[in-house]
Structures are given as structure tokens and as C-alpha cells.
Amino acid sequence: MAVQTASSIDRVTELLGDEAESLLGHRSTTVDASTLHLPGPDFVDRIYAQTDRNNQVLRNLQGLFDHGRLGGTGYVSILPVDQGIEHSAGASFAPNPRYFDPENIVELAHEGGCNAVASTLGVLGAVSRKWAHKIPFIVKINHNELLRLPNQFDQVEFSSVKRAWELGATGVGATIYFGSEQSTRQLVEIARAFEEAHRLGMYTVLWCYLRNSGFKKDGVDYHVAADLTAQANHLGVTIEADIIKQKLPENNGGYTAIGGGYGKTHKLVYEQLTTDHPIDLTRYQVLNCYSGRAGLINSGGASSGASDLAEAVKTAVINKRAGGTGLISGRKAFQRPVEEGVALLNAIQDVYLDPQITIA
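Residues numbered from 1 in each chain as written. Predicted model: local features only at pLDDT ≥ 70, side-chain atom pairs only at ≥ 80, totals over all residues. Heavy atoms only, no water.

- The name an unreviewed UniProt entry assigns to the protein is fructose-bisphosphate aldolase, from the organism Patulibacter medicamentivorans.
- Its UniProt record gives the protein a comment under Sequence similarities (unreviewed entry), which states: "Belongs to the DeoC/FbaB aldolase family. FbaB subfamily." (UniProt positions renumbered as here; feature names shortened; annotations may be inferred.)

As C-alpha cells, then:
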């Protein structure tokens, strides 16, 4: 059952500062919320149970949605810690060396009231007998390894679906770098892996990230463009990702800016389905997740220091009001003292627990 938040809308308003009125008062006129499949306590019964997922997948999805402080709401808060590979252990854990120990990662997710912890085979395998029955495990089966010279950006398999199943995981996660030279290979690998995961009864979470130097043009980074990230989402749900992880959109018009015959788009995407408001841009991401049939969770982003709490709450407000399913936040939580990390995770969850923060 959900734990009622002790905080008020006043705290969220304070953290949002000058953006509070724009973010909390916005009413979307692009895609009407009534046309979306929105999160709720009955989401597994209402949406996933209508699919080709087997009973074991449905059971594990229900377990995910029922766990932690957000249990029973239809929203999720996940702690992801795969940065020891993705960014190097030193870069990730030097600010708080206790997280070189895998158990402290899992404990943070547990104490922080998260629905699940997502990490590497090594991290979760190291403590699986103690923790796999206490909090849902999501094993990330592929990673980008940076110990090459020169650096190479490619997601390669570090684990198998069967191995994740054997250690007690209820779900598997993976990344595809859409737009990269290796994206076709990654797409084939992960499509097959997700098929196996569903067959074994595990749900699937896909990091739908963009990666190509061509997505940066005239000083603008279109890796976070609403139109491009939304299409990555659409590719992700096509291979039956149950939950999509995506970066919060920061701009739009990636297709038109890149030009040169790249991809295809439509003028109505920009004239009717989006505006420049961050909630509307994120709603377009939700729309491309089969109108919300696959849950959209946005990334909490890198740690910026003192502004982390405000940034995390802002992202949660945007995701919730857009029709998203929750937040996945790692570095902002684990690169600080434990008590502060727990408080940050709880602040994110409080946004989803607060009935005054409604769908736009």
C-alpha cells in the first residue's frame, strides 16, 4: 500500500521556484489526457493483462508496482546503478566510496522506498541470496565499457537473460543506442533477449538512448529532442519493452534540424502534437509509448550538487503531469550521504503520492 506523503504542495512549489506556476498550472492542449492510458492501481489488470505476456510476467509486474512507497499507485521509483561500468567505478563512486560495495547499493534502494533496484549482474549476484526476495531486482544485461583506447560507445552483452532469471531477478534491462553504427545489431540482440525474458516470466525495461555525433548541430544537442527520443521510444515498445526509460526532452525539431533527408517526420508533430513546454514535449514521448500502454520513466540525470533535489522534483513533476509512470534516479541519490540520498528518493516519490499534482 502507498504511504501517504507528509510533505505538501508548498514544498514542491518552493523547490520549483520561478517555474512553479508554469509547471504546476500548465494545461496541455496538444494530446488530451483522456486519450492516454494513464498509470493507476489497476494498470496491470487494465493494460498488461490484455497483452501476450504470460502469467508469470504479469505476476512480476504486479510485484514491481506493489513494492515500496509507491506500491499500489501505478507509479514506480527505481534506483539504477550501472555507472561503475558505464562511466567507470572511480568516476561514479569516488564521491561516496561505500557504493563500491554492492550491498550498499541495494540497501539504498530498499531504505529509499524504491519499487526496484536495477544494476549489473555482478552487483545483484553478489547479494542475491540476501536481497532478491526483499526488493525486485532488474539485471541490466548490456553495458557500454569505456576502458578502450580510444573510447568506444557500444552496448555489448555482459550477462544472459537466463543468468538474470537464475539469481532471482523479476525483470531485465538493456540499452539500445539508436542512431549509432551498432544500433541494428543491438536492436536484434535485445529483441531476442526480451523475447526470452518474457518466456521466462520477467518484464523488460529498455533504455532508449540516442547516440550519434550527427545529432549535435549548430551548438544544439538533439540527443534530447522530443521528436527523436519519442521515435526511439516507439522502436522500444515495438520490441515489447514493458517500461521505457528515456531522458527528459530539452528541445524539439531534431529531424528538421539535421535535415539532409534524415528520417521522416510530419509538420503536425510540431504544429499540433507538441509545444515548447516541457510537459507537452514529454507527453509526446508518452504518446509514442503506445499512448502510455508501456510506462515511460524519465532519467533523473547527472548529479549537479546542491541543485539535485530541486532538479529531481522538477523532473518528477514533468513526468507525472505528462502522463508518465515514474522516475529512475541514480547518481543524484548515491553520490551523496545516505540520509540525503534516501531523502531525495522520497522527495521524488512524494510527487507521485501527492493528489494535488495532477495530469495536465
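Digging into the overall build of the protein
Okay, step 1: Summing up its helical and strand segments, the protein has 17 helices and twelve strands in all.
Okay, step 2: For 360 residues, the compact-globule estimate of 2.2 N^0.38 gives 21 Å, and the protein sits close to it at 19 Å.
Okay, step 3: In the protein, which comprises 360 residues, the proportion classed as buried is 55%.
Okay, step 4: By element, 51% of the accessible surface of the protein is carried by carbon and sulfur atoms, the whole surface being about 15,000 Å².
Okay, step 5: Across the protein, the 32 positively charged side chains and the 39 negatively charged ones have centroids separated by 4 Å. (Helix = DSSP H or I, 4+ residues; strand = E, 2+ residues; numbered from the N terminus. Rg over C-alpha atoms; globule rule 2.2 N^0.38 Å. Buried < 20%, exposed > 50% of the residue type's maximum accessible area, 1.4 Å probe, protein only. Areas by Shrake-Rupley, 256 points an atom, 1.4 Å probe, with all protein chains shown as cover. Lys, Arg positive; Asp, Glu negative; His and termini not counted. Charge placed at Lys NZ, Arg CZ, Asp CG, Glu CD.)

Focus on helix H5 (residues 83-93)
Okay, step 1: Here H5 has its buried residues at Gln83, Glu86, Ser92 and Phe93. Down the axis of H5, the smallest arc covering the buried residues is 90°, so these residues share one side. (Arc of directions from axis to C-beta.)

With respect to the pairing of strand E6 (residues 171-178)
One face of the sheet, then the other: side chains in a regular strand alternate in exactly this way.
Okay, step 1: Of all eight residues in E6, eight are buried; the element is thus mostly enclosed.
Okay, step 2: The pairing of strand E3 (residues 137-140) with E6 spans three bridges and is classified as parallel. Residue Lys140 lies in a different strand from E6, and its bridge partner there is Gly173.
Okay, step 3: Relative to strand E7 (residues 203-210), E6 runs parallel, the two sharing eight bridges. Bridging across to E7, Val172 finds its partner in Thr204.
Okay, step 4: With helix H10 (residues 183-200) bridging E6 and the parallel E7, this β-α-β connection has right-handed handedness. (Pairing = 2+ DSSP bridges. Right-handed = clockwise from strand over helix to strand, strands pointing away.)

A few points about the sheet that holds E3
Okay, step 1: The eight strands are arranged E1-E2-E3-E6-E7-E10-E11-E12 in a closed barrel whose pairing can be described as parallel. Averaged over all pairs of adjacent strands, the angle between their axes in this sheet comes to 25°, without regard to strand direction.
Okay, step 2: Relative to strand E11 (residues 295-299), strand E10 (residues 243-246) is paired through four bridges, and the arrangement is parallel. Counterpart to Lys245 in the pairing with E11 is Ile297. (Axes fitted to C-alpha atoms, helices over the stretch in contact; angles between N-to-C directions.)

Looking at the environment of Leu287
Okay, step 1: Mapped onto the elements, Leu287 comes out in helix H14 (residues 278-287).
Okay, step 2: C-alpha separation for the pair Leu287 and Leu273, spaced 14 residues apart in sequence, amounts to 9.3 Å.
Okay, step 3: Setting aside residues up to four positions removed in sequence, Leu287 forms contacts with Val31, Leu36 and Leu273. (Contact = heavy atoms within 4.5 Å.)

Side note on the packing of helix H11 (residues 226-238) against H14
Okay, step 1: Contact pair H11 / H14: the axes reach a minimum separation of 8 Å and the direction vectors enclose 25°. On the basis of the axis angle, H11 is roughly parallel to H14. Considering only the axes of H11 and H14, their crossing is right-handed. Contact residues: Ala226, Asp227, Thr229, Ala230 and Asn233 in H11; Leu281, Tyr284 and Gln285 in H14.
Okay, step 2: Split into classes, the residues belonging to the contact of H11 with H14 amount to four nonpolar, three polar and one charged. (Parallel < 35°, antiparallel > 145°, perpendicular 65-115°, else oblique. Left-handed = near helix turned anticlockwise from the far one by under 90°. Nonpolar A, V, L, I, M, F, W, Y, C, P; charged D, E, K, R; others polar.)

Notes on the environment of Gly71
Okay, step 1: Following the sequence through the fold, Gly71 ends up in the loop between helix H4 (55-66) and strand E1 (76-81).
Okay, step 2: The exposure class assigned to Gly71 is buried, which follows from its relative accessible area of 0%.

Remarks on unusual backbone geometry
Okay, step 1: With omega at 0°, the peptide bond leading from Leu149 into Pro150 counts as cis.
Okay, step 2: Locating Pro150 in the fold gives a position in the loop between strand E4 (142-144) and strand E5 (155-157).
Okay, step 3: Even without being a glycine, Ser88 presents a positive backbone phi close to 95°.
Okay, step 4: With respect to the helices and strands, Ser88 occurs in helix H5.

Observations regarding the pattern of salt bridges
Okay, step 1: Evaluation of the coordinates by the stated rule reveals 17 salt bridges.
Okay, step 2: Note that Arg53 is salt-bridged to Asp52, the shortest N-O span being 3.0 Å.
Okay, step 3: Judged by relative accessible area, which is 13%, Arg53 ranks as buried.
Okay, step 4: Two residues, Glu340 and Arg336, come together in a salt bridge whose shortest N-O distance is 3.6 Å.
Okay, step 5: Overall, the relative accessible area of 43% leaves Glu340 in the partly exposed class. (Salt bridge = Lys/Arg side-chain N within 4 Å of Asp/Glu carboxyl O.)

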